[in-house]
Amino acid sequence: MSEKSMAASAKVPAGKVTESELLKQYGCGPVQFAGTANGLYERHLIFDNVIALEKTGARERFEAIARSVRDVLSQRWISTEDTYHYVNPKRAYYLSMEFLIGRSLSNNVTNLLLNDIVKQIAVQKHIDLLSMLEQEPDAGLGNGGLGRLAACFLDSMATMQLPAMGYGLRYEYGIFKQSIRDGWQHEQPDNWLRHPDPWEVARPQDMVEVRLNCSFEICGGSLRAINGQSSSLLGIPFDRPVVGYGGKTVNTLRLWAAAAPDYFDFRRFSSGDFVGALAETLTAESVTRVLYPDDTTSMGQGLRFIQEYFLVACSLADLVRRFRSNNADWNTLPEKVAIQLNDTHPSMAVPELMRILLDEAHLGWDVAWNITQKTLAYTNHTLLPEALEKWPLVWFERLLPRLLEIILEINRRLLSDVRGQFAGDEGRVERMSIVEEGDVRKIRMANLAIAGSHSTNGVAAIHSGLLRTVTVRDFAEMFPERFNNKTNGVTPRRWLLLANPMLANTITGAIGDGWITDFSQVDKLKPLADDKGFRETFLKAKRATKVQFADWLKSTSGQTVDPDSIFDCQVKRIHEYKRQLLNALRIVTLYNQLRTNPGLDMAPRTFFFAGKAAPAYHLAKVIIKFINNLAGTIDGDPAMRGRLKVIFLPDYCVSLAERLIPASDVSNQISTAGYEASGTSNMKFMMNGALTIGTRDGATIEMAEEAGEENFFLFGLTARQVADSRSWYNPHWHYDNDAETRSALDLIFSDYFSRYEPGVFAPLRNILLNRGDYYMHLADIKSYLEADRRLCGLYADRHEWARKAILNVAGSGKFSSDRTIAEYAGEIWQVRPCPVLCPV
Ligand SMILES: *Cc1c(COP(=O)(O)O)cnc(C)c1O
């Protein structure tokens, strides 16, 4: 707390006043726009750039508008922190290696309720709003769902006026830019900070020092210590405003950048991969140079290990300092602080908080352990074994020996408790141990996170169930009270109000605008599904959005799509378990059907794919190549014109999702059942009135429950059936016995889609036939096509389609991240709203 903000909060009377009295007298309304916008904008435009007005371009105009908006919210941003300091409520801290924010300008303008004013100014100043908004790069500080969830949570926490803060890393390079050449993915670095970012505020006064036991270098992805030298890094915080809807609360996302103290002593390293190339010289700064571009494999790279510790060490030092500035007694930490760990990435928080409580607060072990467990909570995001983090024990030994000491003592006590409760069960002891024995001893980060926290949650009912009964069953048996579910959600502000104004207006016209902050109200749309007039309005809005998307696509890529065709989408990271390949097999089969039977009655369809593959994930890259070649072949076949079209949209990101999802008719959520923890794009599609064709996996199960299974197109094996058939499943049986599947595969393997690149799709044959089809594409293809036939047939009946789509929107109320955050706040954090008080 700076002295200046102390002074501001001092204007609110001290002493014993009840919260409601305070609120009555000092509670703030929305930020008022003082009518100084013109002056602000022009001042920023000219003086920030020291440039003549007529020489300013779109980029300068964007920066000037963004800075004006920041000026408008800055007083409220200060008052928010002042209020938290004054009221001293329990605060929630969300620790995440990823925040996939996307753009901020239009979001902040919307949440501040400034849309009309900004439009007015744009007209007065002859600013083309749309092209100006395009100037803002996506803040792509995340890979996919996990990072986007963190961003949606920030929006909900601010909107619900919760005293909360996000902590992350300020990567200089976010998720790579994807381009497609000859059908193959190419990666380019995402230098999103090339231009100064107008939203961030550097806070060098809040710098923290992070000590490491030794200097080190990184060689071929592994970490090598340089003998006996200790070193430290500086963490410089960069704050970004998080504006709640209605502009009452402005919370903070604090991102750490690494810097070197004067005596810094790191050496060069190189590892020849994507990350290594960007961080070729290991200076202190390279610790936060680049986001690791893989969200499903833990590659065990040294730099990532340091990144994770750096996030934890900076954030804990910062929040403990804030706690200490208001509270004398360390024992009250769990009454004032709740820390949520977004996956195991920040789970070094367990030993780090113990270190602080033992070595800095000088508490005894039992007291420190009790405080640590009560303060921390852990969210698991995946059941994929390759994603579970395990770090070599020697890295802790070399870099963080004190943390290792603490981890080993935690483990000693844990295992002694296990032996106490399950005498003679050494298998259980081995499975629950935080240390994995073997040639290379490893620390199991999930075990550490579960042991050191009071709450472990999965992100959809099925996922939490599998976590409890399969993945970490031993822990659930020993500590059943720690396990719970928090089904994910997405913010309806960004994903409906902002992304789909035509549908948003349609909804508001029908049920009022209460849904924006209370999304359960969309269930008032249910009776309107039977209202012919409303269906017409709904269909008109969807069509207008499709036309808008088609126009954008034409103007940016030259490609033409028919807005009267079914827009059928699968957009997400490319991964075998998400089964983009199953979708492609469906399209090959439909293509075969149309080739053999040109008179077939089938609605015209446009299939959209988008998604990035991890740079080292070769098979995922072959899948991208296949989709592109499929698109090219179908495009080159005149018989398919007006019937089938396939488009792979490059560089999937939040901004592209915001354009495409509102224009979609069909959402593909077709992961092998039991492998998608929750999914969140499934929810974005649902609230935008798309119909889902999908497997019974993740949150899709709960979505179908909410909307009614009769309004969903579910198919395929259940998670139980997948698990039970693992031992005897044989893809060859399907190849031999299902003629349609066989012709589709034969067409691919005959190089029909790769005439000039023979053999390029051999890896697909390998995966699907020779190596057992681990994700069971061939088991599900028939029922996928059957569901597809029903779905496609329904499209001919526009009103019946609209009825189902409206019932989907009406059933999507549960999938607002406001509901998710209300559950975290009430059941895990015990954090309550703390409305901002305005100094008089
Ligand atoms: C929502 C979102 C995701 C998550 O998609 P899933 O289908 O749930 O994997 C990934 N990337 C972006 C850009 C998103 O907006």
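Source: prediction; values computed, not measured.

(A) Region of interest: the sheet that holds strand β15 (residues 390–392). Strand order across the open sheet formed by three strands is β15-β17-β16, with antiparallel pairing between neighbours. The sheet is open, and its two borders are formed by β15 and β16 (435–436), each paired with just one other strand.

(B) A look at the packing of helix α21 (residues 501–511) against helix α22 (residues 532–557). Relative to each other, α21 and α22 sit at 160°, their axes nearing to 8 Å. Between α21 and α22, the angle falls in the class roughly antiparallel. Relative to α22, the crossing made by α21 is right-handed. Counting all contacts with α21, which are made through Met502, Leu503, Thr506 and Ala510, the residues of α22 involved are Phe534, Thr537, Phe538, Ala541, Ala544, Thr545 and Gln548. When the residues that make up the contact of α21 with α22 are grouped by side-chain class, the tally is seven nonpolar, four polar and no charged.

(C) View of the site of the ligand. Around the ligand, 14 residues are found, and the nearest of them are Lys572, Lys578, Thr680, Ser681 and Lys684. In the environment of the ligand, an oxygen atom lies 2.7 Å from a nitrogen or oxygen atom belonging to the side chain of Lys578. Here the ligand loses 96% of its free accessible area of 390 Å² to cover by the protein chains. Contributing elements (two or more residues each) for the shell around the ligand: α25 (654–660) and α26 (681–687). Here the residues of the shell around the ligand sort into six nonpolar, five polar and three charged.

(D) Spotlight on the UniProt feature "modified residue: N6-(pyridoxal phosphate)lysine" (unreviewed entry) in the chain. The UniProt record marks Lys684 with the feature "modified residue: N6-(pyridoxal phosphate)lysine" (unreviewed entry), using the residue numbering of this structure. Following the sequence through the fold, Lys684 ends up in helix α26. Judged by relative accessible area, Lys684 falls into the buried class, the value being 6%. When residues no more than four places from it in sequence are discounted, the contact partners of Lys684 are Arg148, Val490, Trp495 and Ile661.

(E) Representation of the sheet that holds strand β23 (residues 666–669) in the model. Strand order in the open sheet made by the six strands is β22-β21-β20-β23-β24-β25, with parallel pairing throughout. The open sheet has two edge strands, β22 (644–649) and β25 (713–714), and neither has a second partner. Direction of pairing for β23 relative to strand β24 (residues 691–694): parallel, over a ladder of four bridges. Within the sheet, the bridge partner assigned to Val666 lies in β24 and is Leu691. Relative to the sheet, helix α32 (residues 777–795) contacts β20 (566–571), β21 (605–610), β23, β24 and β25, its axis offset from that of β24 by approximately 165°.

(F) Summary view of the state of the cysteines. In total, this model carries one disulfide according to the counting rule given. In this model Cys28 forms its disulfide with Cys838; the gap between the sulfur atoms is 1.9 Å. Handedness of the Cys28-Cys838 disulfide follows from its S-S torsion of about 120°: it is right-handed. Of this pair, Cys28 sits in the loop between α2 (19–26) and α3 (37–48) while Cys838 is found in the segment after α34 (817–829), placing the two residues 810 residues apart along the sequence. Judged by relative accessible area, Cys28 falls into the buried class, the value being 12%. The partly exposed category is assigned to Cys838, whose relative accessible area is 22%. The thiol sulfur of Cys152 is not disulfide-bonded, and the nearest other cysteine sulfur, from Cys653, lies at 15 Å. Of the cysteine sulfurs around Cys792, a residue in no disulfide, the closest is that of Cys569, at 14 Å.

Rules of the game
- Residues numbered from 1 in each chain as written.
- Predicted model: local features only at pLDDT ≥ 70, side-chain atom pairs only at ≥ 80, totals over all residues.
- Heavy atoms only, no water.
- Pairing = 2+ DSSP bridges.
- Helix = DSSP H or I, 4+ residues; strand = E, 2+ residues; numbered from the N terminus.
- Axes fitted to C-alpha atoms, helices over the stretch in contact; angles between N-to-C directions.
- Parallel < 35°, antiparallel > 145°, perpendicular 65-115°, else oblique.
- Left-handed = near helix turned anticlockwise from the far one by under 90°.
- Contact = heavy atoms within 4.5 Å.
- Nonpolar A, V, L, I, M, F, W, Y, C, P; charged D, E, K, R; others polar.
- Near = heavy atom within 4 Å.
- Polar contact = N/O pair within 3.5 Å; in protein donor to acceptor, adjacent residues only side chain to side chain.
- Areas by Shrake-Rupley, 256 points an atom, 1.4 Å probe, with all protein chains shown as cover.
- UniProt positions renumbered as here; feature names shortened; annotations may be inferred.
- Buried < 20%, exposed > 50% of the residue type's maximum accessible area, 1.4 Å probe, protein only.
- Disulfide = S-S within 2.5 Å.

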